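Spelled out from the first residue to the last, the chains are:
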Amino acid sequence: MTRAPPPLAVGAHAAMESAFVILDFPDPAEDPSVVYLDSPSSAAYLQKGVEITRYETIFRLVCCQAVPILEYQP
């Protein structure tokens, strides 16, 4: 992602629940996408289609609120 997280002025955003990574692979038929969730006390891999779709939606929402990295001012 070449964008900075949404500024605090935006308020709550869709990805505040937990950190996650969407892992996509060259051949989805052989290696379907996986979502990796990370928290201070655990980690999980999600592989169901509905779960992947949920996190793809969250990612798109956050990208819409994110600031282009060259415009970011901490």
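Our structure's up above, just so we're on the same page.
Rules behind the numbers
- Residues numbered from 1 in each chain as written.
- Predicted model: local features only at pLDDT ≥ 70, side-chain atom pairs only at ≥ 80, totals over all residues.
- Heavy atoms only, no water.
- Core = buried A, V, L, I, M, F, W, Y, C linked by side-chain atoms within 4.5 Å.
- Buried < 20%, exposed > 50% of the residue type's maximum accessible area, 1.4 Å probe, protein only.
- Helix = DSSP H or I, 4+ residues; strand = E, 2+ residues; numbered from the N terminus.
- Pairing = 2+ DSSP bridges.
- Axes fitted to C-alpha atoms, helices over the stretch in contact; angles between N-to-C directions.
- Contact = heavy atoms within 4.5 Å.

What follows deals with the nonpolar core. Residues Phe 20, Val 35, Leu 37, Leu 46, Ile 52, Tyr 55, Ile 58 and Val 62 constitute the largest nonpolar core, which totals eight residues. When residues of this core are traced back to their parent elements, those giving at least two are strand 3 (34-38) and helix 1 (49-65). Looking at this core element by element, the count peaks at four residues for helix 1.

Our focus in this paragraph is the sheet that holds strand 3. An order of 2-3-4 is seen for the three strands of this open sheet, with the pairing classed as antiparallel. Edge positions in the open sheet fall to strand 2 (19-23) and strand 4 (43-46), since each of these has one partner strand only. If you compare each strand with its neighbour and ignore which way they point, the axes differ by 15° on average. In terms of strand pairing, strand 3 meets strand 4 through four bridges, oriented antiparallel. Bridge pairing links Tyr 36 to Tyr 45 in strand 4. Together, strand 2, strand 3 and strand 4 form the strand contacts of helix 1, whose direction differs from that of strand 2 by roughly 110°.

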